[in-house]
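What the coordinates show
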Amino acid sequence: MAVLAPLIALVYSVPRLSRWLAQPYYLVSVLLSAAFLLVRKLPPLCHGLPTQREDGNPCDFDWREVEILMFLSAIVMMKNRRSMFLMTCKPPLYMGPEYIKYFNDKTIDEELERDKRVTWIVEFFANWSNDCQSFAPIYADLSLKYNCTGLNFGKVDVGCYTDVSTRYKVSTSPLTKQLPTLILFQGGKEVMRRPQIDKKGRAVSWTFSEENVIREFNLNELYQRAKKLSKAGDNIPEEQPVAPTPTRVSDGESKKDK
């Protein structure tokens with residue numbers, strides 16, 4: 001009965017629902033929505049449209065359109081609690097093997113200051129970010145290849161610990177392009193991060209691939225130096241941190257990926 005009752009109610013309401021949807025207001029709304037998506041996404045119709053995207057691509061949504069769509073999505077989710085439940089109860093980012101230490105708002109500063117000879121690469125992520133979902137297995141694989149006594153990998157969920165995002169200047173806005181953010185710490189201090197932030201506070205476009213992380217953070221050299229440190233033991237005095245030379249960010253448009 002628990003299953004039949006909703007089905008009977010749905011069948012009974014179909015004629016009334018169809019008459020309601022057949023009204024000109026809803027038909028025109030559906031046609032206008034479909035026309036907007038068609039014109040914005042289908043070449044060559046979209047080539048002549050203005051855009052405010054940093055990469056100048058007219059066939060994709062700019063920040064204003066994304067903001068409007070996200071606002072409408074929030075309204076729909078407020079009206080539909082089931083949709084809200086499905087969005088907030090997403091599966092974990094990654095369930096495979098890894099050598100990663102997870103921090104909270106208190107342990108991250110303590111761990112970075114505990115032994116300043118240890119180099120840390122820390123990912124600042126949020127579980128709701130699709131980019132963080134995609135990067136999770138890549139970051140786990142890097143930790144399996146390069147983790148050692150003097151080179152450690154960590155993660156902190158800035159979606160849960162908002163004060164951490166404030167301290168380390170990682171935006172958690174729904175429109176942000178700073179998630180995920182990788183920061184290299186040497187001697188307990190930040191020496192470089194990706195994506196970089198230009199003088200206007202905009203995130204520079206950067207692809208989070210395994211090759212890019214290895215090249216930009218110079219992981220091969222860091223790993224060799226960390227292995228020498230672990231073999232020498234505690235008798236080696238602390239060295240001055242040597243970090244990869246960060247690329248200077250211009251005040252103009254974002255750099256393209258190599």
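Refer to the structure above for everything that follows.
Scope of this entry: the structure provided in the associated data block. Every value quoted in this text rests on a predicted model; they were computed, and no experiment measured them.

About the cut-offs
Residues numbered from 1 in each chain as written. Predicted model: local features only at pLDDT ≥ 70, side-chain atom pairs only at ≥ 80, totals over all residues. Heavy atoms only, no water. Helix = DSSP H or I, 4+ residues; strand = E, 2+ residues; numbered from the N terminus. Buried < 20%, exposed > 50% of the residue type's maximum accessible area, 1.4 Å probe, protein only. Contact = heavy atoms within 4.5 Å. Arc of directions from axis to C-beta. Phe/Tyr/Trp six-rings, centres within 6.5 Å; stacked < 30°, edge-to-face > 60°. Expected span 1.5 Å × (residues − 1). Bend = angle between axes of the 7 residues up to and from the residue. Polar contact = N/O pair within 3.5 Å; in protein donor to acceptor, adjacent residues only side chain to side chain. Pairing = 2+ DSSP bridges. Axes fitted to C-alpha atoms, helices over the stretch in contact; angles between N-to-C directions. Right-handed = clockwise from strand over helix to strand, strands pointing away.

Turning to the environment of I100, a few remarks are in order. One can find I100 in the loop between α4 (81-88) and β1 (101-103). Look at I100 and you get buried, because its relative accessible area is 14%. In this structure the C-alpha to C-alpha distance between I100 and N152, which are 52 residues apart in sequence, comes to 7.5 Å. Once you skip the residues sitting within four places of it in the chain, I100 turns out to touch Y139, A140, S143, F153, G154 and K155.

For the rest of this paragraph, the subject is helix α5 (residues 107-114). An α-helical segment advances 3.6 residues per turn. Residues three or four places apart therefore align on the same side. If you check which residues of α5 are buried, you get I108, E111 and L112. All buried residues of α5 project into a common sector of 100 degrees when viewed along the axis, lining one side. The exposed set on the far side of α5, more than 90 degrees from its buried face, consists of E110 and R114. Residues of α5 that are buried in the fold lie against β1, β2 (119-125), β3 (151-157), α7 (162-167) and β4 (181-186).

Okay, the packing of aromatic side chains next. On inspection of all chains with the given rule, the structure shows 8 aromatic pairs. Ring geometry for F124 and Y168: centres 5.3 Å apart, planes at 45 degrees, overall tilted. Of this pair, F124 sits in strand β2 while Y168 sits in the loop between α7 and β4, and the two are 44 residues apart along the sequence. Each member of the pair, F124 as well as Y168, is classed as buried. Residues Y146 and Y223 carry aromatic rings whose centres are separated by 5.9 Å and whose planes lie at 85 degrees to one another, so their mutual orientation is edge-to-face. Linking Y146 in helix α6 (residues 130-146) with Y223 in helix α9 (residues 219-232), this pair joins segments that are 77 residues apart in sequence. Here a set of aromatic residues connected by ring pairs shows up, and it is made of F135, Y139, F153, W206 and F208.

With 17 residues, α6 should reach 24 Å at 1.5 Å per residue; the first-to-last C-alpha distance of 25 Å fits that figure. At A136, α6 shows its largest bend, some 35 degrees, and a proline, P137, comes one to four positions later. Burial in α6 covers these residues: C132, Q133, F135, A136, Y139, A140, L142, S143 and Y146. N-cap assignment for α6: the residue whose side-chain oxygen lies 3.4 Å from the backbone N of D131 is S129.

What follows concerns the side chain of Q133. If you trace the backbone, Q133 turns up in helix α6. Look at Q133 and you get buried, because its relative accessible area is 19%. Separated by 3.1 Å, the side chain of Q133 and the backbone oxygen of N127 make a polar contact.

Okay, the sheet that holds β1 next. Taken together, the 5 strands give an open sheet; going across it, the order is β1-β3-β2-β4-β5, and neighbouring strands pair in mixed fashion. In this open sheet, the two strands that pair with only one neighbour each are β1 and β5 (189-194). Here the average twist between neighbouring strands, direction ignored, is 30 degrees. Taken together, the 7 bridges between β2 and β3 define a ladder with parallel strand orientation. Along β3, the bridge assignment pairs E123 with K155. Against the sheet, α6 engages β2, β3 and β4, with an angle of about 160 degrees to β3.

The next point concerns the pairing of β3. Most of β3 is tucked away, with 7 of its 7 residues classed as buried. Neither face of β3 is open: one carries L151, F153, K155 and D157, the other N152, G154 and V156, and all of them are buried. Inspection of the sheet shows β1 paired to β3 by 3 bridges, in the parallel sense. In the sheet register, Y102 faces β3, and the bridge partner there is K155. In this region the chain leaves β2, passes through α6 and returns to the parallel neighbour β3; the handedness of that crossover is right-handed.

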